[in-house]
Amino acid sequence: MIPVLTLPLRHLRRRPARTVLTALGVAAAIFLFVSVESLGLGLQRALSSGDAARTLVVYRENRYCPQTSFLPERYAGRVAEIDGVESVLPVKVHLSDCRASLDVVAFQGAPVDTLLRTRPIELVAGDLDRFRREPDAALVGRAFANRRGLAPGDRFRFGEITVDVAGIFASDDPVDEGLLLTHLEFLQRAAGVDRLGTVTQLEVKLADAGDGRRVAEEIDRMFATAEAPTSTRPRLEFLEGATAELAELLRFARAFGRICVLVVVVLIANTVLLSVQERGREFGVHLTLGYRGAHLVAMVTVETLLLTLAGAAVGVAAAVVVVSTSHAALAVEGVSVGFALSAGEVARAVGIAVVAAVAAAAVPALRAARTDVHRLFRGA
Amino acid sequence: MSFITLDRVTKRYVKGDHELTPLKDVTVGIDEGAFFVLLGPSGSGKTTLLNLVAGIDRPDEGTVTVAGHDLGALSARALSSWRAEHVGYVFQQHHLVPVLTAYENVELPLHLFPLDRRERHERVALALDLVGLADRASHHPRELSGGQEQRVAIARAIVADPPILVADEPTGDLDHEAAAATLDLLARLNRERGKTICMVTHDRSAASVGTRVLELRKGALRETGDVEVSP
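What counts and what doesn't
- Residues numbered from 1 in each chain as written.
- Chains lettered and ligands numbered in written order.
- Predicted model: local features only at pLDDT ≥ 70, side-chain atom pairs only at ≥ 80, totals over all residues.
- Heavy atoms only, no water.
- Helix = DSSP H or I, 4+ residues; strand = E, 2+ residues; numbered from the N terminus.
- Rg over C-alpha atoms; globule rule 2.2 N^0.38 Å.
- Buried < 20%, exposed > 50% of the residue type's maximum accessible area, 1.4 Å probe, protein only.
- Contact = heavy atoms within 4.5 Å.
- Areas by Shrake-Rupley, 256 points an atom, 1.4 Å probe, with all protein chains shown as cover.
- Phe/Tyr/Trp six-rings, centres within 6.5 Å; stacked < 30°, edge-to-face > 60°.
- Buried area = accessible area lost by both parts, 1.4 Å probe.
- Salt bridge = Lys/Arg side-chain N within 4 Å of Asp/Glu carboxyl O.
- Polar contact = N/O pair within 3.5 Å; in protein donor to acceptor, adjacent residues only side chain to side chain.
- Pairing = 2+ DSSP bridges.
- Axes fitted to C-alpha atoms, helices over the stretch in contact; angles between N-to-C directions.

Caption draft 1: Up close: the overall build of chain B. Looking only at helices and strands, one finds 6 helices and 10 strands in chain B. Scaling as 2.2 N^0.38, a compact globule of 231 residues should have a C-alpha radius of gyration of about 17 Å, and chain B matches this with 17 Å. When the backbone C-alpha atoms are referred to their principal axes, chain B occupies close to 45 × 40 × 40 Å. Buried positions account for 55% of the 231 residues belonging to chain B. When contacts within chain B are restricted to residue pairs at least 6 apart in sequence, long-range pairs at least 24 apart make up 66% of them. When the accessible surface of chain B is split by element, carbon and sulfur atoms take 46% of a total near 10100 Å².

The following block contains the structure:
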């Protein structure tokens, strides 16, 4: 068995500064790659969440931000009478920022009983009765609570709005985990002047997902000539619309990430090539001893793999730590997309590191295998 | 037929704009167990001839036959395997791998053979003992003197017990004392272990350890009259 592990390890330790710098380059690229992919996974989860298929979102027509959508609260009762509608949740939304932001504060106020019945939330800390009882109480999504360090009993203040944190909730819908849920009337009173009786949106749950298009058209027809015409879309379409900018940003980041991987391939190839050029006589000695070119290809490839995987391990570990401890989320129009990691994404990053290593090793390995022994030792 | 036979061997190579012919129509036979010494000035083609015998280069014309194998007829893969089994190579500069200890350097050729760790250990220990460096096994090359490094290189060349040792100016970089010790070691390996040794040198005094000495000049071999050979 040829020493495919011992020699490469020793050579990497021989030039510690070069090895560490190259590994850090790999780590930075893999960190970037995993971070971008974690946002992609978060977006994917947000779009495939819960009951998106059988939920419609009713907004005021031509609104460009939740803050500018004012619908009469009474619309809820009329929409509930439409055939195929299971429930209607009138929701008041108040946001800190309508544009893309890394730390958005998103309040949603709704009638408490309907809210708790229709949203797929589960209390993980606190007191639900207190939330029901106290008008200024709020349930805080787990992701937001983690990001802001909130716990039951805390008071949270944002602008004119101050709430008591009655509980922390988890949800099947990752978008919901970035929200603060409050009583509808409390938010109507707190968020503006003379806005009692208005909501931002209606969330319409259908008995059958197949009825979506028909019911949406019926709702918009019902209010077409009313004081506040509506625009009704399936929740998935609404989420896709709200996150379109984010998806565009993600496409750019992914392209950038691929370029980074390419740069890393060149960086590693350069480092290993330098190492191989330094060791021309050593490879010549190996060939003289009876080693074949394939043995040298294996050694150089393993050396490149070790270097790359060391960097990739650091990059993946850093990304895991940052993503899991920062609880960062990108929000746009009140739709919060958290960074998420899965074993699959980590495995993909490691796989890309392996492919990058093999690609980077190609030229140096062939150079080593093609060492011209007789030219190297010819002289006497 | 001799153990090593070069039959009408010509070797050319290009250096810059010039084609050089270090070996031209060379024929020589070396018997098994001989200590063959090749003298000649720098650039005369001594190393080229040695590389042909060791199977790390191929002639442009003629044949090189070693222990019954026509080296020109072997594939690159077969030639590598043949080299591992039949030839130990000692360079002018020891060319030890700097990141490996003396023990690990000597062990390098054994990784090509189906030996377990214990068998490899026995062989490495024996080789280091033969060159008198058993107590330096864990030292890295930078911790050894020039003479000790060359002796480790010799241990590496003999550890797989090849029948042939080729040595290219093995004393060229050593002081007088270390050079004498190295030549004595090679002579002992020839006498006591029966190794066929092919050594090139430009040092006529070093040639006296040989049982046969030839001189290479202008691509052709000729017997030397002024070197007293060992009996």
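Now that the structure is up, let's keep going.
Caption draft 2: Here's a closer look at the packing of aromatic side chains. All told, the structure shown has 6 aromatic pairs over all chains when counted by the stated rule. An angle of 15° between the planes, with centres 6.5 Å apart, marks the rings of phenylalanine 252 of chain A and phenylalanine 256 of chain A as stacked. Of this pair, phenylalanine 252 of chain A and phenylalanine 256 of chain A both sit in helix H10 (residues 244-278), separated by 4 residues, roughly a single helical turn. Residue class for phenylalanine 256 of chain A comes out partly exposed when judged on its relative accessible area of 44%. On the basis of an interplanar angle of 25° and a centroid distance of 4.7 Å, the ring pair of tyrosine 89 of chain B and phenylalanine 91 of chain B is categorised as stacked. Comparing tyrosine 89 of chain B with phenylalanine 91 of chain B shows no difference in burial state: the two are buried. Of the aromatic side chains, those joined through ring pairs into one cluster are Phe107, Phe144 and Phe156 of chain A.

Caption draft 3: Representation of the interface of chain B and chain A within the structure. Between chain B and chain A, the contact holds 32 residues from the first and 24 residues from the second. Of all residues in chain B, Val99, His111 and Leu112 of chain B bury the most surface against chain A, accounting for 21% of the area lost on that side. Linking chain B with chain A are 1 salt bridge, by the criterion used here. On inspection of chain B and its partner chain A, the count reaches 6 residue pairs in polar contact (both at pLDDT 80 or more). Broken down by secondary-structure element, the contributors of at least two residues to the side of chain B that touches chain A are helix H1 (46-53) and helix H2 (76-86) of chain B.

Caption draft 4: Focus on unusual backbone geometry. All names here are of chain B. For aspartate 161, which is not glycine, the phi torsion reads 55° and is therefore positive. As for its position among the elements, aspartate 161 is in the loop between helix H5 (146-158) and strand E7 (164-168). Backbone geometry places glutamate 169, a non-glycine residue, at a positive phi of 50°. When its relative accessible area of 3% is taken as the criterion, glutamate 169 is described as buried.

Caption draft 5: A look at the side chain of serine 44 of chain B. Mapped onto the fold, serine 44 of chain B is located in the loop between strand E3 (35-39) and H1. Within the structure, the side chain of serine 44 of chain B is placed 2.7 Å from the backbone oxygen of proline 41 of chain B, a separation counted as a polar contact.

Caption draft 6: Structural detail: the sheet that holds E7 of chain B. Residue and element names in this part refer to chain B. Read across the open sheet, the 6 strands follow the order E6-E7-E8-E3-E9-E10; overall the sheet is mixed. If you trace the sheet from one side to the other, it starts and ends with strand E6 (87-90) and strand E10 (220-223), each paired once. Between one strand and the next, the sheet's axes are offset by a mean angle of 20°, whatever the strand orientation. Two strands pair when backbone bridges link them, and strand E9 (residues 212-217) and E10 are joined in this way by 4 bridges, in the antiparallel orientation. Directly across from glutamate 215, in E10, lies its bridge partner arginine 222. Together, E6 and E7 form the strand contacts of H5, whose direction differs from that of E6 by roughly 170°. Contacts from helix H6 (residues 176-193) reach E3, E7 and strand E8 (196-201), with the element oriented near 155° to E8.

By themselves, these figures tell us nothing about what the structure is for.
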